[in-house]
Each structure stands twice: as C-alpha cells, then as structure tokens.
Amino acid sequence: MRYLSLIASRLLKAVLVLLAILILNFFLIHLAPGDPAMVMAGEAGATDAQFIADLRERFGLDQSLPMQLWHYLAGVLTLDFGYSYRQQMPVLDLILERLPATLLLTGAAFVISLGCGIVAGMLAAMRAKRPSGSLIMGLALLFYATPLYWVAMMAVLVFSVFLGWLPAYGYDTVGSDATGLAHALDVAEHLILPATTLGLFFMAVYTRMTRASMLSVAQQDFVKTARAKGLAPGMIQRRHILRNALLPIITLAGLQAGQMVGGAVLTETVFAWPGIGRLMYEALMQRDYNLLLGIFFFCALLVILFNMLTDVIYRLADPRIKEAA
Amino acid sequence: MSFFRRFVQNRGALVGLVILALVVLLALLAPLLYPESPWRMVQRPFLAPGELPGFPLGTDTMGRDVAAELAHGAWVSLLVGFVSTLVALAIGVPLGALAGYFGGRTDDVLMRITEFFQTIPNFALAIVLVAIMEPSIGSIVLAIAVVSWPPVARLVRGEFLSLKHREYVEAARLVGQGHRDLILKQILPNTLSPVIVLASLMVATAILLESSLSFLGLGDPDTMSWGYMIGAARTVMRQAWWLSVIPGVAILLTVLALNLVGEGLDDALNPQLARQR
C-alpha cells in the first residue's frame, strides 16, 4: 500500500513537470521570430496571404493566447505534436521512428560508464595514497574536461581512419542484408565507438563520485568495528564500504542518465547515428521548430522516466529511506 | 597558513593558474597580434602547421589563418564562460538566499522552480533556447545561464539554512537589523567561499557548453569560436586532422585549467575538508 502511494505521488509529480514543460514549449513557440503561421508557411514554401490566413484559422492562431494554449495541450493529450512541413511527416511518427536507436545508444553508454566508473573509482579509493590511484583520478579529470563531440571525432580518427578497426559512422553496414544474429553483431560493431565516447564523460563523473563516496564511508564507525574485529581489508572494502557507498551513486547516476540524452545530440551528429539526437540536429539545420520542440519534450520525458525508475528502485532497495519518507 | 600559501602549495592548481593566465593573455592580445578579421582568407587552404613561415598553425579549409582563429576564439570562449556564469550567479544567488532565509512557502515555491529547471535536460534546453532566439553572443550567454543557475540556488539555500540561526545572526537581529541587512551584510558574505569554488567550475562547464553549441552551428555568426572551428573541420578530418585537433586541445587545456583552479580554491578555502580527503 505504501509502495502504491509512493508510486502515485511520483506519477503526479511527473505529470505536473510534463505539464510545465508543455507550457514552456508553448511559450517558446511564440518567442520564435514571426508568428507560427508565417513560420509554417515558410516551411511549406508558400507566401500567399490567403494561405497564411487559412493556416491561422486552421490552427486557431486568431484566437486568444489561453485558448491557443488549451488547444495545444489538448493536441498533445491526443498524441498530436504537430506536423513537420520540412520532412512531410507528423512529428510524433518521426520521433518514434528514431527513438529506439537513441535508447540503444544511451542505454549502452549508461551501462559502460556506470560499470567502468564504479570499478575505476573503487580502485582509486583503495589506492588513494599511491601513484596508480592518482593516475586514475588524473585520467578522470582529463575526460571530465574534454568536449564530448571532440572525443568522438578523435576516436573516429584513431580507430577508423588510422587503424581501420571499427566503422566510422552509421547504425549498420549500408546495403548489407544480414538478419538475426549477424545483423545484431553488425549493429554492435557500429555501437562501440559512439557508446564509449558518449560514456567517457559520465564515466569520469562516476569515478569521482565513487571515490569520494567510498572514502567518506571508510571514515564511519562500523568500518572501524569491522577492522577492529580483524576482518581482511579486501573483505571490508567489498562487503562493508562498497555496498554502502554504492547507494547514493546509483541515485545520482539516475539523475545524470537523463542528461545523456542531451549529450547524444553531439555523439549522434558525429557518428551519423539515426536517433532523436541526430533528428534534433537536422531540425536545427532546417529551423523546424515544431520538430525541435517535440524532440525537446521527449528528451524531458525520458529524463523523468529515468528519474522515477531510479527513485522507486532506490527506495525499495534501501529500507532506511522508507522510514524517513 | 594563509589562503594564498595553501593555494600555491597545490601543484595542480598552480599549473591550472599558469595555463589560464596564458589563455587570458592570448585572448587579450588577439586584437593586437591579429588586428584583421579572423574570417579573412590569407593563404591557400589546407596549409599544414609549419609549412609556411608566418603561419605556425597552418590554414583551414577556407585559407584562414588558424593561429588568428585560435586567438580570437579564446576571447569568445572566456567572455561567454565568465559572463554566463555571472548571469547564472545573478539568478541563482538571490533565489537561493530568499528560499533559505525565509523558508516555508517561499522556499517551497522557489525550490519547485529550481527542481523543474534541474529536471529538464540542460543541453537540449540550451539548444532550443539559442535556436529560437537566433544565435548571438547574447542569446548564447542567456541560454547557458538559464541552464546553469539551479546548482547555485541550491548551494546558497543550503548555506543560508545552516547560517541563519547562528549566534552572530541572532545578535544582529536583536540589535534591530532588518531582513535586508541580515541577508546582505550578515549571511551572504559568509556564503562566498563555496560560491566562488562553484563559480570557477561553472565557467569551465559554460566554455564546454558554448563550444558544443557552436560545434552544432549555433554560434554567433559574427565571432570566431573554437567549437565552430572543430565543426568546420569535421568533414575534412581525413585530409587535415590537425584542423580539428588544434582547437580541441585548446578547449581541453582551458577547461582542465579551470577545473584545477577550482579544486585548488576548494582545498585552500576549506582546509579542514582538504585534510580529510
């Protein structure tokens, strides 16, 4: 029962945030230069005054602002995100077509960055006073300061252009009719570079977080007790320190995971990865505002889903938080 | 030990400070060293670094002097980095101060707004804002500030919460100081050191954001920037790899330097914490 009310309150909060984002979106459309009818007419390649007037009437642009907001919200509730005149397709169809590729990329990057980040941070904490520990933290600082898109380009330069090990761009080999496992392997090969380069920045973040969290847990009394009763240091690191240090990292990682969707715009642009990030770049190039704002809404939706998921999992996993809530 | 001596003892922070000073010098000297526009074509395109005297870093796809582009780009990166951080502080500090000082419903409302802005994916919002306001230095600064103020507000709020019931604040209240004096003269000055540390790290993030925006073609069309240079070099990566490597290294060094300085400031301003680590 408590779980149900917890999930219900999270859902309510998520709906409110989405509503606020839609209202923000609506006002952003009106902030764009020229009124939306002019923009749409421009996108459709028409300058005829009658056509623009028709558009205004058809989309209710001759009505008051609150009425327009109402129509916009009602449209979204029926899953109508408008029409992209440049791509001659409804915005929703365009996004849904590209969404799986982005989920695959960000999901892979998330797993890589969290896995490697935790291991690296753990090693750095255990060797805090040795050169190898400093080396890990130095590398983390370096990746933390490197532009995402530039790492991606350098990886292409080294691993595709110079070494020729991995494909430089795309989702699968063009013209290949492989199916099943062969196709999956082909996609995996194309995924390695984008997922790793997108994950590097976040790996650096998780490495620093894991190290800090482990060092602060190591100061607590129960660790001293474990040490005093003579447990092996490796056992203390794994069973006592790491387990307790991981919980806050998982929550923070959940919060950060959503930001990966934003980073995916850069990675997908460099690797011509056919996801919503690449779609956002195309929308930018063509000044396709309907599509741009639709994608923005979906990015925010993904962030909220990620956050809710980690929040609920975390609360279910750690009984202490339930008592406090 | 004084703040300055603690800072100087940190080797990383010192290296960062030196790199940063060099970049600032480059930015300040750009109009003197290269008084002409960096957009001007000066030689044949695709000149490799060192191939011709007078063009130490070569020329790009349009025959522009890469060294001139780099110098003028330094100016834009630093300008956008510092100004957008100042704007973010101007939004975040007052909101955090009011939320922390007054608490209750003010705190609720302000923190809901802050959380909302923290939920929205930063980079996606910055892209949308710049695209809709049309790319210019002003819109880029504003967009970066809009996506980076929430951590400031949260930090300042936390500091205010922990400071507002301290004895010296209560004493000032008893003497009859009003809310304005208590906030501005008693509490705010004591929140400065964590805010300075956060601000130095925010400049680094802002420079990364600016370069990412101009890489995507959302830079100010009138100013040369490092991100634009990398974006323009992307299609010729196979023929002229140095065109993307040079500006990339410049961004990396600048951001790294700012992070090192930020960490050094953190250690120097909070010696107790530094010893624990």
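Residues numbered from 1 in each chain as written. Chains lettered and ligands numbered in written order. Predicted model: local features only at pLDDT ≥ 70, side-chain atom pairs only at ≥ 80, totals over all residues. Heavy atoms only, no water.

> Got a minute to help me understand the overall build of chain B in this structure?
Across its full length, chain B carries 13 helices and zero strands. Taken from the N to the C terminus, the helices and strands of chain B come in the order α-α-α-α-α-α-α-α-α-α-α-α-α. On the principal axes, the C-alpha backbone points of chain B span a range of 75 × 45 × 30 Å. Looking at the 277 residues of chain B, the share that counts as buried comes to 52%. Counted over contacts in chain B with a minimum sequence separation of 6, partners at least 24 positions apart contribute 70%. A total accessible area of about 12,500 Å² is found for chain B, and carbon and sulfur atoms account for 65% of it. (Helix = DSSP H or I, 4+ residues; strand = E, 2+ residues; numbered from the N terminus. Buried < 20%, exposed > 50% of the residue type's maximum accessible area, 1.4 Å probe, protein only. Contact = heavy atoms within 4.5 Å. Areas by Shrake-Rupley, 256 points an atom, 1.4 Å probe, with all protein chains shown as cover.)

> Which parts of the structure should I look at to understand the overall build of chain A?
Across its full length, chain A holds 13 helices and two strands. Dimensions of chain A, computed from the C-alpha atoms along their principal axes, are close to 85 × 55 × 40 Å. Every one of the 325 residues in chain A was classed for burial, and the buried ones make up 48%. Residue pairs at least 24 apart in sequence account for 73% of intrachain contacts in chain A once pairs closer than 6 positions are excluded. For chain A, the accessible area works out to roughly 16,000 Å², and carbon and sulfur atoms hold 67% of it. Treating the 23 positive side-chain charges of chain A as one cloud and the 20 negative ones as another, the clouds have centres 25 Å apart. (Lys, Arg positive; Asp, Glu negative; His and termini not counted. Charge placed at Lys NZ, Arg CZ, Asp CG, Glu CD.)

> Would you take a moment to explain the packing of helix H2 (residues 11-33) of chain B against helix H12 (residues 242-269) of chain B for this structure?
The axes of two packed helices give the description: the angle between them and the distance between them. Residue and element names in this part refer to chain B. Contact geometry of H2 with H12 gives a least axis separation of 7 Å together with a crossing angle of 135°. Taken together, H2 and H12 sit at an angle that is classed as oblique. Two packed elements cross with a definite hand, and for H2 against H12 that hand is left-handed. Between H2, through Gly12, Ala13, Gly16, Leu17, Ile19, Leu20 and Val23, and H12, the contact on the second element is made entirely by Leu253, Thr254, Ala257, Leu258, Leu260, Val261 and Gly264. (Axes fitted to C-alpha atoms, helices over the stretch in contact; angles between N-to-C directions. Parallel < 35°, antiparallel > 145°, perpendicular 65-115°, else oblique. Left-handed = near helix turned anticlockwise from the far one by under 90°.)

> Quick question: what am I supposed to make of unusual backbone geometry here?
The phi torsion of most residues other than glycine is negative, and most of the peptide bonds are trans. Positioned with a positive phi, alanine 272 of chain A is a non-glycine residue whose angle comes to about 50°. On the basis of relative accessibility, which here comes to 31%, the residue alanine 272 of chain A falls in the partly exposed class. Its identity as a non-glycine residue notwithstanding, glutamate 134 of chain B has a phi of 70°, on the positive side. For glutamate 134 of chain B, the position within the fold is in the loop between helix H5 (122-133) and helix H6 (137-148).

> Is there a simple way to explain the interface of chain B and chain A in this structure?
Interface size, as often reported, equals the accessible area lost upon joining of the parts. Every contact between the two is made by 42 residues of chain B and, on the other side, 47 residues of chain A. Counting across the chain B and chain A interface gives two salt bridges. Between lysine 13 of chain A and glutamate 115 of chain B there is a salt bridge, with its nearest N and O atoms 3.6 Å apart. At the level of secondary structure, the elements contributing two or more residues to the side of chain B that touches chain A comprise helix H4 (104-119), H5, helix H10 (192-215), helix H11 (226-233) and H12 of chain B. Considering only residue class, the side of chain B that touches chain A consists of 27 nonpolar, ten polar and five charged. (Salt bridge = Lys/Arg side-chain N within 4 Å of Asp/Glu carboxyl O. Nonpolar A, V, L, I, M, F, W, Y, C, P; charged D, E, K, R; others polar.)

> Looking at this model, I keep getting lost on the side chain of serine 244 of chain B. Mind explaining?
By the secondary structure assignment, serine 244 of chain B is in helix H12. Classification of serine 244 of chain B by relative accessible area gives buried; the value is 0%. In terms of polar contacts, serine 244 of chain B uses its side chain to reach the backbone carbonyl oxygen of tryptophan 241 of chain B, at 3.1 Å. Serine 244 of chain B has contacts with Trp150, Met153 and Met154 of chain A together with Ile230, Ala233 and Met237 of chain B, leaving out every residue within four places of it along the chain. (Polar contact = N/O pair within 3.5 Å; in protein donor to acceptor, adjacent residues only side chain to side chain.)

> Is there a simple way to explain H6 of chain B in this structure?
Because each turn of an α-helix spans 3.6 residues, side chains separated by three or four positions end up pointing in the same direction. Residues and elements named next belong to chain B. Between the first and last C-alpha of H6 there are 17 Å, a value that for twelve residues agrees with the 16 Å anticipated at 1.5 Å per step. Taking burial as the measure, the twelve residues of H6 include nine buried ones, the bulk of the element. When H6 is considered as a whole, its buried residues turn out to be Ser139, Ile140, Val141, Ala143, Ile144, Ala145, Val146, Val147 and Ser148. Residues of H6 that are buried make contact with helix H3 (66-102), H4, H5, helix H7 (150-163) and H10. (Expected span 1.5 Å × (residues − 1).)

> How do you make sense of the packing of aromatic side chains when you look at a structure like this?
Two descriptors summarise a pair of aromatic rings, namely the distance from one centre to the other and the angle between the planes of the rings. Residue and element names in this part refer to chain A. This model, assessed by the stated rule, comprises ten aromatic pairs over all chains. Residues tyrosine 144 and phenylalanine 201 carry aromatic rings whose centres are separated by 5.4 Å and whose planes lie at 10° to one another, so their mutual orientation is stacked. In this pair, tyrosine 144 sits in helix H6 (residues 131-144) while phenylalanine 201 sits in helix H8 (residues 180-217), placing the two residues 57 residues apart along the sequence. Centre to centre, the rings of phenylalanine 159 and tryptophan 165 are 6.1 Å apart; their planes meet at 40°, and the pair counts as tilted. By relative accessible area, phenylalanine 159 is classed as partly exposed at 29%. Classification of tryptophan 165 by relative accessible area gives exposed; the value is 58%. What links up through ring pairs into an aromatic cluster is the set Tyr144, Phe201 and Phe202. Directly above the ring of tyrosine 144 sits arginine 208, whose terminal nitrogen or CZ lies 4.6 Å from the centroid. (Phe/Tyr/Trp six-rings, centres within 6.5 Å; stacked < 30°, edge-to-face > 60°. Lys NZ or Arg CZ within 6 Å of the ring centre and 35° of its normal.)

> Can you walk me through the domain arrangement of chain A in this structure?
All names here are of chain A. The domain architecture assigned to chain A consists of domain 1 (12-80) and domain 2 (102-324). For domain 1 versus domain 2, the distance between C-alpha centres works out to 36 Å. Each partner contributes residues to the interface: domain 1 has 13 residues there, and domain 2 has ten residues. When domain 1 packs against domain 2, the two sides together hide about 1,000 Å² of surface, and 80% of this comes from carbon and sulfur. Put simply, domain 1 and domain 2 have zero salt bridges between them. At the junction of domain 1 with domain 2, the criterion picks out one residue pair in polar contact (both at pLDDT 80 or more). Contributions of two or more residues to the side of domain 1 that touches domain 2 are made by helix H1 (2-31) and helix H2 (36-44). Per-element accounting of the side of domain 1 that touches domain 2 gives the leading share, nine residues, to H1. Its residues assigned to classes, the side of domain 1 that touches domain 2 comprises eleven nonpolar, one polar and one charged. (Domains from an automatic or database assignment. Buried area = accessible area lost by both parts, 1.4 Å probe.)

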